Every structure is written in C-alpha cells, then in structure tokens.
Amino acid sequence: MKVRKAVITAAGWGTRFLPITRSQPKEMLPVVNKPLIQYSVEEAINSGIEQIIVITALGKRAIEDYFDRSFELEYFLEQKRETKLLQEMRELSSLIDVCYIRQKEQLGLGHAILTAKNFVADEPFAVLLPDDLIDSRVPALKQMVEVYEQYGTSVIAIKRVSSQNTVKYGIIEPKRVSAKIYQVLGLTEKPKPQEAPSNLGVVGRYILMPQIFDVLEVTPPGKNQEIQLTDALQLLLQQQTIYAYEFDGVRYDAGTPLGWLEATIAFALKQPDIGRELREYLRQLL
Ligand code: UTP
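All of these numbers come straight from a predicted model, not from anything done at the bench.

Right, let's get into the packing of aromatic side chains. Tallied over the entire structure, the rule returns six aromatic pairs. Consider the rings of Phe125 and Phe213, whose centres lie 5.1 Å apart with planes at 10°: the pair is stacked. Taken as a pair, Phe125 in strand E6 (residues 125–128) and Phe213 in helix H8 (residues 211–218) lie far apart in primary sequence, 88 residues in all. Neither residue differs from the other here; Phe125 and Phe213 are each classed as buried. Note on Tyr151 and Tyr243: the rings are 4.1 Å apart at their centroids and 35° apart in plane angle, and the pair reads as tilted.

Set out below in structure tokens:
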C-alpha cells in the first residue's frame, strides 16, 4: 500500500529555545526566509505524500495562519505590482491541504502521534519532526519510501552520531542487511555512551505501519514521564520487523540553538542572492 499520509508533530514546548518559544512556535523559527515546518511540508510533498496532518497545541496558531490564504496580503502585493512575490504567496497557500489536530496535553511524541489515529486509519504513514532539518539531493522521506516499498514494513531514519552524543538520541541495536539498511533488534532512548548498543541514532523521519497505534495506546510513560515513540517501537518489534535506513543527506538538529544556527548558515551560504556576501562576512569575522 502506498504511503499517502504524513503526520508532522509540532506540539512540543520547545524548552531548549526559551524564551523565544514563550509566544513563538519553535516550528516557525526561520531558516533563511522559510519557517522550519515548511521544509518538512515540502519534503513530504516531494516524497509523494498527498495529505498532511500537523499536530499542534496551545500557542501554535501561527502555524495554521502561515499555511492559510491571506487575501489582504495578496491585495496589498497586487496594488504594489509585486507580481513575483504575489505568485509565491499564492503558491504557498495552495501547496497541499494541511489539517490540524491539537494535542491537548503535551504527553510526549508517542502521544502526539496517537492523536492522528483517526486521520491515518488503517494505512502506512510517514512521521516528520520539523526540528530535524535535512538537506539532501533526494528528499530523505522519498529515500525511505523506496525502502518501505522494498520491505513492506516500518522504516526509521538513522544517522551515525559520535559516542558522546548517544545521550541525545534514540539508539538502535542493529543487524546489518545491506550497506545502508539495518534490521532493528532493539531501541534505547538516549543511552549513556557505555550503555549504547551502537552509534546509530534515530532521526525524526519514520514510515510506520498502522499497528503502531494499538501499541501506543498501551505504551506506559517512559523517560520524562512522556509516552515515548522509541518505547512503542520497541514493543512493536514483538509483532513486526522494523528496518532502519541510513539516508543520504545532512541532518541539522534545528531544535537546539546551535543546530539551528548551523542550519541557517549552511542554507544561507547556498542562496544565490546572499551566499557570496555571507561567506565573505564569515571570513572576515573569523
Ligand atoms: P522534542 O523532544 O524536541 O521536545 O520533541 P520539544 O518540546 O519540541 O522541545 P524541547 O525538548 O522542550 O526543547 C520532538 C518532537 O515531538 C514533538 C515536538 O513538537 C517535536 O516535533 N512533540 C513532543 C509533540 O508533538 N508533543 C509532545 O508532547 C512532545
């Protein structure tokens, strides 16, 4: 069955970005001139996704407004004969139909995904975490869809992390299948380096079979008292094989100030209108 639906989780508090996240959703932080969430939406569209649901929460209205149509703005741009900008703004609001669900209590990533149960129903679906920003020639999710089509079961994205960084990620216990594909034998959430089963860290892109919902419903709260997707995947392993795929591309952990700055600089350096001047500025600065 084709992967048609994507869930984008955007309900977290974003505490690592306080104080800006007091009134500004983390997913609306700009990387150059687009908010983080738009990169995920575009990645989903360019991977063949037809329907998107964004999980939001209190204080995240800016996300809904962003993808909506703004007739006032269009009128203003029309009057000013800003034809190119006008066209870009129209294209943005017609990218794809996005639906929204509010997670009423922030009980963790696993709980956020569970709120999409009725939307997804009985089909495989993608999950994208917008704070994992991926720069790749072929969209990372598209690469994963190809792996899913080969194996017909859940696929999670992974990247190698340094051993001092295992405490920041879900880490898999891998069994190598081919150069970039591993069978997942187990998962541990944020282990200490000496307890990590490998240095393959989970990245925020998943293709999940719908059975994950039944599992999420019975997954007890784990680390930080949150319902962890990692714990649910560990339980799902009792019923089905899960593969991990080391995608081609660079991942930025844009949910942290340093990762966001790295992403901003890397993306800006590639912009034809500002890249050269920024490079020159950085040279002078350093
Ligand atoms: P994070 O672990 O990055 O948490 O969530 P966070 O709240 O966004 O940020 P910090 O750690 O407080 O700085 C990973 C993903 O899960 C979503 C987040 O929006 C992000 O996409 N999430 C997390 C939810 O949607 N709901 C939750 O209850 C928790």
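The rest of the description comes next.
So, about unusual backbone geometry. Going from Leu18 to Pro19, the amide bond is cis rather than trans, its omega being 10°. In this structure, Pro19 sits in the loop between strand E1 (5–9) and strand E2 (30–31). A positive phi is found at Ala121, a non-glycine position, where the angle reads about 55°. Mapped onto the elements, Ala121 comes out in the loop between helix H6 (117–120) and E6. At Lys190, a residue that is not glycine, the phi angle is positive and equals roughly 45°. Considering the arrangement of structural elements, one finds Lys190 in the loop between strand E10 (181–189) and strand E11 (200–208). On the accessibility criterion, Lys190 (33% relative accessible area) is partly exposed.

What counts and how
Residues numbered from 1 in each chain as written. Predicted model: local features only at pLDDT ≥ 70, side-chain atom pairs only at ≥ 80, totals over all residues. Heavy atoms only, no water. Phe/Tyr/Trp six-rings, centres within 6.5 Å; stacked < 30°, edge-to-face > 60°. Helix = DSSP H or I, 4+ residues; strand = E, 2+ residues; numbered from the N terminus. Buried < 20%, exposed > 50% of the residue type's maximum accessible area, 1.4 Å probe, protein only.

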